[in-house]
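Per-entry structural report
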Amino acid sequence: MADRRIQVFYTVAKQLSFTKAAELLFMTQPAVTFQVKQFEEHLNTRLFERTHGKIALTPAGDLAMYYAEKILDLNAEMEARMAEMTGQMSGPLMIGASTTIAEYMLPRILGDFKARFPQVQARLTVANSETIENRVNDHSLDVGLIEAPSHHPNLTTAVCCEDELLLICAPDHAFAKLTKISPRQLAEIPYISRELGSGTREVIDRYFRENGMPPEDLNIVMELGSREAIKGAVEAGLGVAIVSGSTVIKELKLGDLVAVPLDKPLRRQLTLVYAQEKFRSKLLQSFLDFVDTCLLNTSDKSAK
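Just so it is clear, the structure is predicted and the values come from calculations on it, not from any experiment. (Residues numbered from 1 in each chain as written. Predicted model: local features only at pLDDT ≥ 70, side-chain atom pairs only at ≥ 80, totals over all residues. Heavy atoms only, no water.)

1. Quick notes on the overall build of the protein chain
- Of the regular secondary structure elements, the protein chain holds eleven helices and eleven strands.
- Over its C-alpha atoms, taken along the principal directions, the protein chain stretches across nearly 70 × 50 × 30 Å. (Helix = DSSP H or I, 4+ residues; strand = E, 2+ residues; numbered from the N terminus.)

2. A few points about the confidence of the model for the protein chain
- Per-residue confidence for the protein chain gives a mean pLDDT of 85; residues scoring 70 or more make up 91%.
- For residues 299–304, every residue scores under 50 in pLDDT, and the model assigns this stretch two contacts once sequence neighbours within four places are set aside. (pLDDT = per-residue confidence, 0-100. Contact = heavy atoms within 4.5 Å.)

3. Topic: helix α3 (residues 29–43)
- End to end, α3 covers 21 Å across 15 residues, agreeing with the expected 21 Å (1.5 Å per residue, within 8%).
- Here α3 has its buried residues at V32, Q35, V36, F39 and E40. The buried side chains of α3 occupy one side of the element, clustering within an arc of 135° when seen end-on. Away from the buried face of α3 by more than 90 degrees, exposed residues P30, K37 and E41 are located.
- After α3 finishes, the residue N44 shows a positive phi value of roughly 60°. (Expected span 1.5 Å × (residues − 1). Buried < 20%, exposed > 50% of the residue type's maximum accessible area, 1.4 Å probe, protein only. Arc of directions from axis to C-beta.)

4. Section: the side chain of E40
- Position of E40 among the secondary structure elements: in helix α3.
- A distance of 2.8 Å separates a polar side-chain atom of E40 from the backbone nitrogen of L47. (Polar contact = N/O pair within 3.5 Å; in protein donor to acceptor, adjacent residues only side chain to side chain.)

5. Let's talk about the environment of I230
- Looking at the secondary structure, you find I230 in helix α9 (residues 227–235).
- Classification of I230 as buried rests on a relative accessible area of 2%.
- Along the sequence, I230 and A241 sit eleven residues apart, while their C-alpha atoms lie 7.3 Å from each other.
- Excluding anything up to four places from it in sequence, I230 contacts I192, S193, R194, L224, A241 and V243.

In structure tokens:
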């Protein structure tokens with residue numbers, strides 16, 4: 001295992017925060033500070049400038065960061081290769097997922113993967129697509145599952161399935177009796193939107209623009225970061241929203257909400273992302289293949 005001081009230094013340098021590094025490493029902040037101080041004493045140089053409550057890397061810190069990343073990547077590759085030689089499929093797997101995938105698709109997949117590989121420790125981070133991309137890009141996550149195409153040139157992207165988005169409204173809303181609805185019909189209606197940075201928001205905004213309805217023309221009465229909050233607000237009659245059909249199956253069955261297909265249909269691709277230059281262990285490749293198969297099967301079933 002790589003020197004703990006290198007891991008701690010690298011995490012602080014990535015976050016530019018001792019507090020955030022302590023949270024990610026499950027350590028106390030004094031312990032993190034002590035490890036960094038020891039590392040600086042070992043190298044006989046200052047790695048961080050500390051001014052006005054903020055930190056920045058010194059030129060020596062930049063150089064140490066460059067080599068720390070190489071050392072940690074090589075260490076991870078060595079451990080993975082050794083495990084593969086002994087026939088083991090074990091170790092931590094850092095997974096990130098946007099909220100729709102994490103809440104409605106991933107739990108069963110992780111359960112099945114854990115049953116097949118019980119020695120694997122899967123650790124899931126849930127955030128919006130933009131955050132997941134950034135964390136895969138900086139190697140703090142091994143793989144991400146997001147709801148929009150990747151914007152990072154350093155990430156490999158693989159489409160794993162499609163998901164249809166629908167307009168939802170309260171049962172007594174005027175739209176509830178429609179069989180389909182065009183983007184222009186939403187111009188004057190109170191609309192509830194996802195927050196900026198959400199993969200769903202990005203896909204919907206692009207759909208509106210491509211269909212002659214600038215998102216700026218919408219009567220957005222709320223921007224919410226939680227699908228449950230959006231569904232609750234729509235059910236209460238505060239407006240309409242566009243969400244993944246997979247997230248409202250229960251509410252539709254109970255009659256709490258009504259879903260109306262969009263004209264033209266709005267379908268998005270769910271995407272796997274991982275770093276191009278990162279060593280791809282047998283464990284990571286097995287997970288990529290497993291997720292791809294599971295989501296394709298789910299997509300096929302929902303289409304029937």
